[in-house]
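# Residue-level structural notes
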Amino acid sequence: MSTHHVVSWKVYVAVFLALAALTVITVQVAGHDFGPLNLVVALGVAITKATLVVLYFMHARYSPRLTGIVIASSLAFFAILLFLLLTDYLSRPWPLVAAG
Amino acid sequence: MAELGAQAHGTHHPGSAGARNPLQHHFTSLEQQREASSLGMWVFIAQEVLFFGGLFAAYTVYRSTYPEAFAAGSHHLSWKVGFFNTLVLIASSLTMAMGVYSAAIGKKQRVVAFILATILLGSVFLGVKYFEYGEKIRPCFGDGPHTGCLVPGARFDASALHLEGPAAGHAQIFFSLYFAMTGLHALHMIIGVPILLLIAYWAWRGRYSPEYHTPVELVGLYWHFVDIVWIFLFPLLYLIGSH
Amino acid sequence: MTSEPRSLPAEHYLKAGWDLKSWLLTTDHKRIGLLYLVSITLMFAIGSLYAGIVRWNLLVPDGSQMSAEAYNKAFTGHGVVMVFFFLIPSIPATLGNFLIPLMIGAKDLAFPRINLLSWYIYVIGAALTMWALVSGGLETGWTFYTPYSTVFAESNVEVAAIGIFVAGFSSILTGLNFIVTIHKMRAPGLTWFRLPLFVWAHYATSIIQVLGTPVVAITILLVALERIFHFGFFDPNRGGDPILFQHLFWFYSHPAVYIMILPSMGVISEIVTCFSRKRIFGYSFIAMSSLAIAAIGFLVWAHHMYVTGMAVYSAMVFSALTYLVAVPSAIKTFNWTATLFRGSVQWDTPMIYVFCFIGLFLIGGLTGLFLGNLGVDVHLTDTYFVVAHFHYIMVGGAIMGYLGALHFWWPKITGRKYVESWGKVSSLLVFVGFNLTFFPQFVLGYLGMPRRYHAYPEEFQILNVLSTAGATILGFGYMFPFSYLTHSIFRGEPAGDNPWGAKGLEWTTQSPPLTHNFDVIPVVTEEPYDYASPPKEAVRG
């Protein structure tokens, strides 16, 4: 975070209002059936909210590049955990291909 | 070395971010110290992402394996309570951000006020959780049928979830994750509140200034992270399959 | 080299306070490094005792030396203590703590108090775990596989799990400290590509510690919760998946082996260049390969799980990635060898350990490739082949590097020289003892002897006896450095600032260094390992 850059309080209030609105939307979209996209939509809203908190409340937008690298790395390795884990669980029902 | 306002005596307290001279002896400048502290907190948060991440990964696997039991368990949770708590926590993030802002512009009284507001909102959240947990845990005690006990284990009562057979066992997995994830989250808040109190106290004692308010920034980062975890917990635990 | 000094410098960090408080409340990274050195040496001794019990039992094939349960507790104790309380902290917590600020021209790590806290957390974790081990023991294996550990085991699983959970935070905080220090506290002129390779290795290690440890922490916490509160995360009777435990456990525990080996590799880079009197070959490749090992190391964990019933297609993915992770390690080995070529090799003890490392790590690494192969692993998994493989890496690799490092930096840490001939004799004993212990185990595994078995078929006895004989020699071999290094603290010849004529900022300070390391923060203008030019004189304020 840069001590030289003080973000205006209005930004915080605006972000709060956006987050509150998005929380209402979170509940609304849960009531709709988007079929296979249900989880995607729910996570999409959550990710949007989280991004606002990270960028503005946590000042990542005004922080050195290294901060972004630290955030990205943590998410990348979490993604690796999830992705490779799912290669096991999602491919378990696949039929085995016989050799030869 | 920069003198800070009226603190003319720059007494060296090695290793202490003291009221007199916050520059620790092994750093060459306050700027270096602040950057290092900030990076340190972000690296700590990165570690927390993976700490909670393990639970989110387990959640992903089990939800994809037992969609029905997860939906039933989620349905049983009160989304209104979750919604209320989400707004409370987001508001506490606002007050926390305002606290950091106030420190950056040197308004000591407001720093204390905003931090106390953050603590208050956090306590409301925890109070609500106490009641939420209570209604699931209380039925598990004493003798009798334990109707409504939702603590996984021998006394778990799946009848309230209208699940039969193996799905009833799978619902225990949902509630194991519910208690583990929200419990770990609540634990982080319980740890955060006394730290916030300490920071509020030091702010009241005049320790912070626009040039030096790093501890306020750091505790703010921690608090926002805890908020972000809840932002994901709410839809994933309370809003599955409400269609 | 400077002329032989008669005495130690007047002021140094060891003299800054003699009482217990000055040690137990220190924030000096050098003293904290020594606190760790004492603790992990104690844990190594305990882990070795467990190893002795295991090898003693395996002298006879019928398992008559002790009960199966006692044997299970012995190999579990050996694994838990050696992995979590010796290998993971070893080089980073002792030498990393001591050297990193000196190597980058800083007065301390970024967070000295957190450094001290890390040590206390380690001690508490170790105490809890030791209490679990001695008051009833632990027989689940260091891997805590469920549902045995969560449902059926009758031992102190919860307490041991909590002890390991606590110790994990020591590792995380050390890694955090190193990352911030290396980013923010380098001396002027010390760009990333002028950093010693020891620092690069610790930077990569720290990334693994910070990102990997939390996952095993939460996993082991879940095991404890399941034991205490009967949550059914991993209980198949309630829909839990034991394989999920293994995924989450190995997500950390595979990168953990890179936590154990990377610092040692950093040590090898430092020693090989100094004792070849030649700039290291392929500096940037070695630096980048450390990062590559850290990153790719996170992608291969399920190679520990091929036969568990995980999906075959997933296993294929992990197998392919496992072959990939060998590449950066091979790059390092080639570069060290190229450094030796046309160098002027000095055969001091640190260099002997370098040669031990390169040869034994090579064998360990190559046998890892056999195990990474899906088809071959079906036959070799859970046999002594695996045991031999990882001991070649951990003992033949990591511990050889650790011993080399202790000998190389001993003069800097203590201000005194050890007796070189003892160093050579010990290294020979260690090398012979090590190979006699573990080479037979490759053969045993190939022949089909399972690991973690209390008794075995009679035809395997001779190889087991050889292995136990080797372990005895190895044990004596380790006792030698302990005694002559300790002796040198009191009676060793003063070493001077730079007895090896080595490059690196730590060698420009006095031996032992001042508490605050540098009176004047150095400005770096040289490229690293510039052995063509003469070593710098010590910078005095």
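The structure displayed is predicted, hence computed values, not measured ones.

So, how was this worked out
By convention here, each chain's residues receive numbers from 1 onward along its written sequence. Chains carry letters and ligands carry numbers; both start at the beginning, A for chains and 1 for ligands, and go up in the order they are written. Reporting in this predicted model follows two pLDDT cut-offs: at least 70 for local features of residues, and 80 or more for side-chain atom pairs to be given and counted; totals over whole chains, interfaces and linings ignore these cut-offs and use all residues. Runs of H or I in DSSP of at least four residues are treated as helices and runs of E of at least two as strands, each being numbered from the N terminus. Every radius of gyration here is taken over C-alpha atoms, with the globule rule written as 2.2 Å times N^0.38, N being the number of residues. Partly exposed residues are those whose C-beta has more than 12 but fewer than 20 other C-beta atoms within 10 Å; with 20 or more the residue is buried, with 12 or fewer it is exposed, and the C-beta atoms are placed from the backbone. Our contact criterion uses C-beta atoms placed from the backbone: two residues qualify when those atoms are within 7 Å. Three classes are used: nonpolar for Ala, Val, Leu, Ile, Met, Phe, Trp, Tyr, Cys and Pro, charged for Asp, Glu, Lys and Arg, and polar for all others, with Gly counted as polar. Here a helix's expected span is defined as the number of its residues, less one, multiplied by 1.5 Å. Fitting axes to the seven residues that end at a residue and to the seven that start at it, the angle between those axes gives the bend at that residue. Per-residue confidence from the predictor is reported as pLDDT, which spans 0 to 100. Only the contacting stretch of a helix is used when fitting its axis, a line to C-alpha atoms as for every element, and angles between N-to-C directions run 0 to 180 degrees. Convention used here: angles under 35 degrees read as roughly parallel, angles over 145 as roughly antiparallel, angles from 65 to 115 as roughly perpendicular, and any remaining angle as oblique. In a left-handed crossing the near helix is turned counterclockwise from the far helix by less than a right angle, and in a right-handed crossing that turn is clockwise. In this description, a nonpolar core means buried residues of the types Ala, Val, Leu, Ile, Met, Phe, Trp, Tyr and Cys, linked to one another by C-beta atoms lying within 7 Å.

### Some details on the overall build of chain A
When its secondary structure is counted, chain A shows three helices and zero strands. Helices and strands in chain A line up, N terminus first, as α-α-α. For 100 residues, the compact-globule estimate of 2.2 N^0.38 gives 13 Å, and chain A exceeds it by more than 25% at 19 Å. Across the 100 residues that make up chain A, the buried fraction comes to 31%. Relative to all contacts within chain A whose residues are 6 or more apart in sequence, the contacts with residues 24 or more apart total 55%.

### Considerations on the overall build of chain C
When you go through chain C residue by residue, the secondary structure sums to 16 helices and zero strands. Relative to the compact-globule value of 24 Å for 541 residues, chain C shows a C-alpha radius of gyration of 23 Å, a close match. Across the 541 residues that make up chain C, the buried fraction comes to 59%. Pairs at least 24 residues apart make up 85% of the contacts formed inside chain C by residues separated by at least 6 positions.

### Quick notes on the interface of chain B and chain C
Many descriptions give the size of an interface as the accessible area lost when the pieces come together. At the interface, 31 residues of chain B touch 34 residues of chain C. The greatest single-element share of the side of chain B that touches chain C, amounting to 17 residues, is contributed by helix α1 (residues 30-65) of chain B. Of the residues in the side of chain B that touches chain C, the class split is 17 nonpolar, 13 polar and one charged.

### With respect to the interface of chain B and chain A
Taken residue by residue, the interface counts 37 residues in chain B and 33 residues in chain A. At the level of secondary structure, the elements contributing two or more residues to the side of chain B that touches chain A comprise α1, α3 (79-104) and α6 (214-238) of chain B. A total of 13 residues in the side of chain B that touches chain A trace back to one element, the largest contributor, which is α1(B). The residue inventory of the side of chain B that touches chain A, partitioned by class, reads 25 nonpolar, nine polar and three charged.

### Structural notes on helix α4 (residues 90-104) of chain C
All names here are of chain C. In a regular helix each residue adds 1.5 Å, so 15 residues correspond to 21 Å; α4 covers 21 Å between its end C-alpha atoms and thus fits that length. Along its length, α4 reaches its greatest deviation from straightness, about 55°, at G96. Of all the 15 residues making up α4, 15 are buried; the element is thus mostly covered by neighbouring parts of the structure. Where α4 ends, the next residue or the one after it, G105, has phi of about 75°, a positive value.

### Quick look at the confidence of the model for chain C
Averaged over all residues, the pLDDT of chain C is 95; the fraction at 70 or higher stands at 97%. Scored as a whole, the predicted complex attains pTM 0.94, and scored at its interfaces, ipTM 0.94.

### Considering the packing of helix α11 (residues 312-340) of chain C against helix α12 (residues 349-372) of chain C
Residue and element names in this part refer to chain C. Direction vectors running N to C along α11 and α12 enclose 165°, while the axes themselves pass 10 Å from each other. Accordingly, the angle class assigned to the pair α11 and α12 is roughly antiparallel. Pair α11 / α12 crosses with left-handed handedness. Between α11, through S319, T322, Y323, A326, S329, T333 and W336, and α12, the contact on the second element is made entirely by I358, L362, G365, G368, L369 and G372.

### Digging into the environment of V327(C)
Within the secondary structure, V327(C) sits in helix α11. Spatially, the C-alpha atom of V327(C) lies 35 Å from that of F482(C), the residues being 155 residues apart in sequence.

### Let's talk about the nonpolar core
Within the largest apolar cluster, 287 residues are counted, with the highest numbers of intra-cluster contacts made by V43(B), A58(B), L177(B) and I220(C). By residue number, the principal contributor to this core is helix α8 (residues 197-229) of chain C, which donates 21 residues. Contact partners of A58(B), with chain neighbours within four places excluded, come to L177(B), F233(C), L244(C) and L248(C).

### Quick notes on the environment of P214(C)
Relative to the assigned elements, P214(C) resides in helix α8. In this structure P214(C) comes out as buried when scored by C-beta crowding, with 24 C-beta atoms within 10 Å. Through-space distance from the C-alpha of P214(C) to that of F285(C) is 29 Å; in sequence the pair is 71 residues apart. When residues no more than four places from it in sequence are discounted, the contact partners of P214(C) are Q47(B), L50(B), F51(B), G54(B) and I172(C).

### Overview of the packing of α1(B) against helix α5 (residues 166-204) of chain B
All names here are of chain B. Closest axis-to-axis distance for the α1/α5 pair is 11 Å, and the angle between their directions is 160°. As judged from the angle between their axes, α1 and α5 are roughly antiparallel. Remark: the crossing between α1 and α5 carries left-handed chirality. Contact residues: α1 offers F52, L55, A58, Y59 and Y62, while α5 offers I173, L177, A180, M181 and L184. Its residues assigned to classes, the contact of α1 with α5 comprises ten nonpolar, no polar and no charged.

### Some words on the environment of S135(C)
If you trace the backbone, S135(C) turns up in the loop between α5 (112-134) and α6 (148-152). Between the C-alpha atoms of S135(C) and S155(C), which are 20 residues apart in sequence, the distance is 8.9 Å.

### Details of unusual backbone geometry
The peptide bond linking T146(C) to P147(C) adopts the cis configuration, its omega dihedral lying at -5°. Examined against the element boundaries, P147(C) turns out to sit in the loop between α5 and α6. Looking along the chain, the bond that leaves S511(C) and enters P512(C) is cis, with omega of -10°. One non-glycine residue with positive phi stands out, namely H59(A), at about 65°. Within the fold, H59(A) resides in the loop between α2 (38-57) and α3 (65-91).

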